[in-house]
Amino acid sequence: MISIVTPAFNAARTIRRTLDAMCRQKGQFEHLVYDGGSTDGTPDIVREYAGRYPVRLLHGENLGVYGNVANAYREARGDILGWINADDFYLPWTLSTVARVFEVHPSVHWISGIPGWYYEDEDLAETMSFAPV
């Protein structure tokens, strides 16, 4: 089981793309959106997605990004933890690939993707390259 957390505060303008991308994921996962007191309708948007995929809306004091992520992780049920911001999105095969990596390589404890920048229509604009590790 994979638990993905999203810290959100007044993210109504961007969070739909994140939620839509999570709807396209395959496998056993949950998505915890931790709202730190939004006043712009962010919680209402998250509630619209209930039943479309396993998303849970958590509410609490806004402790900043890292505090909100830590609070969401405390509620996570998964064996694998991940984090995506409310203005980012995963490609459709992301979570199934993550699950497969941990299944095939049990000695692996941490993986990271390659960040990419996308245009509004989701065409790839650029990726960041890293030296082999």
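Here, the structure is the one placed above.
Keep in mind the model is a prediction, meaning the values are calculated, not measured. (Residues numbered from 1 in each chain as written. Predicted model: local features only at pLDDT ≥ 70, side-chain atom pairs only at ≥ 80, totals over all residues. Heavy atoms only, no water.)

Comments concerning the pairing of strand β4 (residues 80-83)
Here β4 shows one buried face, formed by Ile80 and Gly82, and one open face, formed by Leu81 and Trp83. Bridge analysis of strand β1 (residues 2-8) against β4 gives four bridges, and the strand direction is parallel. Looking at the pairing, valine 5 lines up with tryptophan 83 of β4. (Buried < 20%, exposed > 50% of the residue type's maximum accessible area, 1.4 Å probe, protein only. Helix = DSSP H or I, 4+ residues; strand = E, 2+ residues; numbered from the N terminus. Pairing = 2+ DSSP bridges.)

Section: the packing of aromatic side chains
Applying the stated criterion across every chain, the model contains two aromatic pairs. Seen from their ring centres, tyrosine 66 and tryptophan 83 are 5.8 Å apart, and the 80 degrees between their planes marks the pair as edge-to-face. Here tryptophan 83 lies in strand β4 and tyrosine 66 lies in helix α3 (residues 64-75), a separation of 17 residues in the sequence. Judged by its relative accessible area of 34%, tryptophan 83 falls in the partly exposed class. (Phe/Tyr/Trp six-rings, centres within 6.5 Å; stacked < 30°, edge-to-face > 60°.)

Some thoughts on the pairing of strand β2 (residues 29-35)
On any regular strand, side chains alternate: one points to one face of the sheet, the next to the other face. The buried fraction of β2 amounts to seven of the seven residues, a majority that puts the element mostly inside the structure. A two-sided burial pattern is seen for β2, the buried positions comprising Phe29, His31, Val33 and Asp35 on one face and Glu30, Leu32 and Tyr34 on the other. As paired elements, β1 and β2 share seven bridges and run parallel to each other. Pairing of alanine 8 across the sheet is with aspartate 35, part of β2.

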